Amino acid sequence: MQKSLHIDPGKCTGCLQCEAACSLENEGMFNPSKSRIKVFTFHDEGRFVPYTCTQCDEAWCMQACPVDAIVLNPSNGSKDVLSDVCVGCKVCTIACPFGTINYNTDTGKVVKCDLCGGDPACATACPTDAITYIDANATGLDKMRAWASKTDNATT
Amino acid sequence: MAWTRKLLRVNLSAGTCTTEALNMDWANDYLGQRGLATRYLVEEVDPKCDPLGPDNKFIMATGPLTGTNASTGGRYSCLCKSPLTNALACSNSGGFFGAEMKFAGWDMIIFEGKAASPTYLSIENDQVELISADDLWGKSVWEADKMLRAKHQDPQIRIAAVGRSAEAGNLYAAVVNDLHRAAGRSGVGTVMASKNLKAVVIRGTRGISNVADPKAFMAATTAAKTVLAENPVTGQGLPAYGTQVLMNVINEVGALPTRNMRETQFEGAADVSGEAMHEPRKSDGKPNLTTNGACYACTIACGRISTIDRTHFSVKDKPEYWIASGGLEYEAAWALGPDTGVNDIDALTYANFLCNEDGMDPISFGSTLAAAMELFEEGLITTEHTGGMELKFGSAEALCWAAEVAATGEGFGAELGLGSKRLCEKYGRPELSMTVKGQEFPAYDPRGIQGMGLAYATSNRGACHLRGYTVASEILGIPEKTDPLDTNGKPGLVKAFQDATAAVDSAGLCVFTTFAWTMDDISPQVDAACEGDWSTERMMEVGERIWNMERVFNMAAGVGADQDTLPKRLLNEVANSGPASGKVSGLPEMLPEYYELRGWSKEGAVTDSVKQKFNLPA
């Protein structure tokens, strides 16, 4: 079963445990500035929204890369950056419509979410289930259930 | 090792910023944050200095767990000699500023001297710079935050700043970070402003990569998070209702100080409770509470994010307050509500917004207003003083007006900025001030929760709930239930809570974790992060060492054992309703035993043998 990250901003408290976990997993340190997942705070609205790569099927970052440094990981569908191939041209960062692939000035390479090879640390760290790793074929199941519960004949 | 081992010293008089190695001998004895910064303060600040003069220092300090993924590991503290109490001030704050300071590579920042003109400090990792704040002076925290963001063009900076209240010399001004988290108590913001320091802006991208035993650390933090999640208080009560979960509970046990602590129960408590914050209002069908929010790395998320009813008189013509922002926590709700007799939750939320916007401690503000209301009732303060406003208990209009004038220090706002003690002295009724060592009480009446009377009287920063929260035991049964109306056993309980809290603070963790965590949950996290053996016993020893050192500083500052007392109202006037009816505080029964347990003299002095035992500076 292929899985994907599922994000429910309504459950997010903005604690940044996901960013701490991501940076630890991928950079070996607690360093939110190097996290591949970012939580955006919309202060005046009182909203917290985690955001990261959705692993597009037709991944424009991968299409745009002139040196084929971004490759499909067939086991989990993630598009992974091969650091030793990446030349740091940043064309992928322009191609990505969502901004979720970024240049790292320390390494001269780009970084993006690779689903931690199939066990995303952000989802494990999230204390409120705002970030989960679930069946990619049914990411709408929670919303369906929520709306189903609002139908007239549902018990409340 | 989790410390960055680096300290930034900023001499504001000379305009210099220098890097120093952290004193690791001291870190081994005092851990970090509150404890370690107190050690520096004791070394460097004359206890007799003028708190608002250039000889006082202002320290921002993180702990070894600040910035890690330990739950609640985002705390920092502001320390200095307090202008409100003349004792040691140490105010703790959450949000994201403390963690960012650590990510930038700094354990601590020591500000000394005084800048010639308004200044702010900009930190981007190793690049530190003092920059003119002429344009920021006279602006609120919220406005300064906006201006700094526009100037720095970096959405990820974290900002701590003081507001107009601090600039005006309000003696309980706070340092506000991340718009609505505050190092709130004892006037640390007043001291920051007295140095012409408007703000500290930090961007840190270095991270923390030196945890001593990463594997053990992950195991310890993960296990501890599970404990928080499974505990009914930290797993359910606090996320749902915040600390406001306490409003109805404390009212029911008859320990909710009301109308300047004349009474111990408030008839309007339910109207301003955590439950009330969930109630949809008539005007727009939305509740006061918009959502709950967490500080850095916190898996509890007790923070309240609220909106004010747009049709409420306080904001109907002020769209700038129609936003979601930091809502009512229990202590603020109590001081702004029951203590002033106001049961209008939107008025309380508005006053709370203003406290955040211009950096005032809502506890001291509300409590000072309550004293002013009693003085008004007695005819000592009149509409001539206030410019027409009737300062009546229960008046939401008076509360909102008072917050507005205190926030800027204009007119009667300057009187309110004196704090309760000086205000009551000025108007000839010092006994109406509900303070210890000059600092206003928080939200637990010692007649109904006896342990808190001793905790307040002996707190090293004046009346405070966060120095020894025996409410946990006496009301909530954590770690075990004790009778709140009984003084027996309370000296030992108070001492244990005081010592443990000092250690928790010094780690960089939030004391609210201790609703669920014991020191046995905390010490493995510290032990895995830091070099050396950090057992529960050592943590408790560190806590006791810190407590004694704070006391030594205060004694030298002239804040002695004669101030280990409570206002006469609490010692002589009985509670008039509820379970505590007929009770006064039993402080006199508890204090001698407390001194004895501490190993102090009968007069409350820290003895030479205690100083030697804890290796305190001579």
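Note that the structure is predicted; figures quoted are calculated from it, not measured.

K.L.:
Before we go on, may I ask you to explain the interface of chain B and chain A in this structure?
P.N.:
How large an interface is tends to be reported as the accessible area lost when its parts come together. Taken together, the contact pairs 37 residues of chain B with 21 residues of chain A. For the pairing of chain B and chain A, the buried interface totals around 1900 Å² over both sides, and the portion due to carbon and sulfur atoms is 60%. Among the residues of chain B in contact with chain A, T205, Y296 and A324 of chain B are the three that bury the most area, contributing 17% of the side total. Applying the counting criterion to the chain B and chain A interface returns zero salt bridges. Summed over the shared surface of chain B and chain A, the result is eleven residue pairs in polar contact (both at pLDDT 80 or more). Residue assignment for the side of chain B that touches chain A shows that the elements contributing at least two residues are α7 (214-230) and β13 (289-293) of chain B. Considering each element in turn, the side of chain B that touches chain A owes the most residues, four residues, to β13 of chain B.

K.L.:
Teacher, can you tell me more about the packing of α7 of chain B against helix α20 (residues 519-529) of chain B here?
P.N.:
All names here are of chain B. α20 packs onto α7 with a crossing angle of 160 degrees between their chain directions and a minimal axis gap of 8 Å. By the criterion of interaxial angle, the relationship of α7 to α20 is roughly antiparallel. Crossing angle aside, the handedness with which α7 passes α20 is left-handed. Contact with α7, carried on its side by A216, F217, A220, T221, A224 and V227, involves D521, P524, Q525, A528 and A529 of α20 and no other residues of that element. Classifying every residue of the contact of α7 with α20 by side-chain character gives eight nonpolar, two polar and one charged.

K.L.:
How should I be thinking about the packing of helix α2 (residues 33-44) of chain B against helix α21 (residues 536-556) of chain B in this particular structure?
P.N.:
Packed helices, taken two at a time, are described by their axes: the angle between them and the distance between them. Residues and elements named next belong to chain B. Put simply, α2 and α21 touch, their axes get as near as 10 Å, and they point 30 degrees apart. Of the possible angle classes, the one that applies to α2 and α21 is roughly parallel. Crossing geometry of α2 relative to α21 is assigned as left-handed. Where α2 abuts α21, its residues R34, G35, T38, R39 and V42 lie against I546, W547, M549, E550 and F553.

K.L.:
Looking at this model, I keep getting lost on the pattern of salt bridges. Mind explaining?
P.N.:
Charged atoms that come close allow side chains of opposite charge to pair. Taken as a whole and judged by the stated rule, the model has 49 salt bridges over all chains. The shortest N-O distance in the salt bridge between R145 of chain A and D142 of chain A comes to 3.1 Å. With R145 of chain A and D142 of chain A both in helix α5 (residues 141-148) and three residues apart, the pair spans about one turn of that helix. For D142 of chain A, a relative accessible area of 41% translates into the label partly exposed. For R262 of chain B, the salt bridge identified is with E377 of chain B, shortest N-O distance 2.6 Å. In this pair, R262 of chain B is assigned in the loop between α9 (246-252) and β13 and E377 of chain B in helix α12 (residues 362-377), connecting sequence segments 115 residues apart. Three or more residues are tied together by salt bridges with common partners; here these are R9, E20, E44, K57 and E112 of chain B.

K.L.:
How do you make sense of the packing of aromatic side chains when you look at a structure like this?
P.N.:
For any pair of aromatic rings, geometry is given as the distance between the ring centres together with the angle between the planes. Residues and elements named next belong to chain B. Inspection of every chain in the model, using the stated rule, returns 17 aromatic pairs over all chains. Consider the rings of Y321 and Y350, whose centres lie 5.4 Å apart with planes at 85 degrees: the pair is edge-to-face. On the criterion of sequence distance, the pair formed by Y321 in the loop between β14 (303-306) and β15 (325-326) and Y350 in helix α11 (residues 345-357) is long-range, its members being 29 residues apart. For the pair shown, Y321 and Y350 are each scored as buried. Judged by centre distance (6.2 Å) and plane angle (20 degrees), the rings of W401 and F412 are stacked.

Conventions adopted
Residues numbered from 1 in each chain as written. Chains lettered and ligands numbered in written order. Predicted model: local features only at pLDDT ≥ 70, side-chain atom pairs only at ≥ 80, totals over all residues. Heavy atoms only, no water. Contact = heavy atoms within 4.5 Å. Buried area = accessible area lost by both parts, 1.4 Å probe. Salt bridge = Lys/Arg side-chain N within 4 Å of Asp/Glu carboxyl O. Polar contact = N/O pair within 3.5 Å; in protein donor to acceptor, adjacent residues only side chain to side chain. Helix = DSSP H or I, 4+ residues; strand = E, 2+ residues; numbered from the N terminus. Axes fitted to C-alpha atoms, helices over the stretch in contact; angles between N-to-C directions. Parallel < 35°, antiparallel > 145°, perpendicular 65-115°, else oblique. Left-handed = near helix turned anticlockwise from the far one by under 90°. Nonpolar A, V, L, I, M, F, W, Y, C, P; charged D, E, K, R; others polar. Buried < 20%, exposed > 50% of the residue type's maximum accessible area, 1.4 Å probe, protein only. Phe/Tyr/Trp six-rings, centres within 6.5 Å; stacked < 30°, edge-to-face > 60°.

Read these as layout, nothing more, since geometry by itself doesn't imply function.
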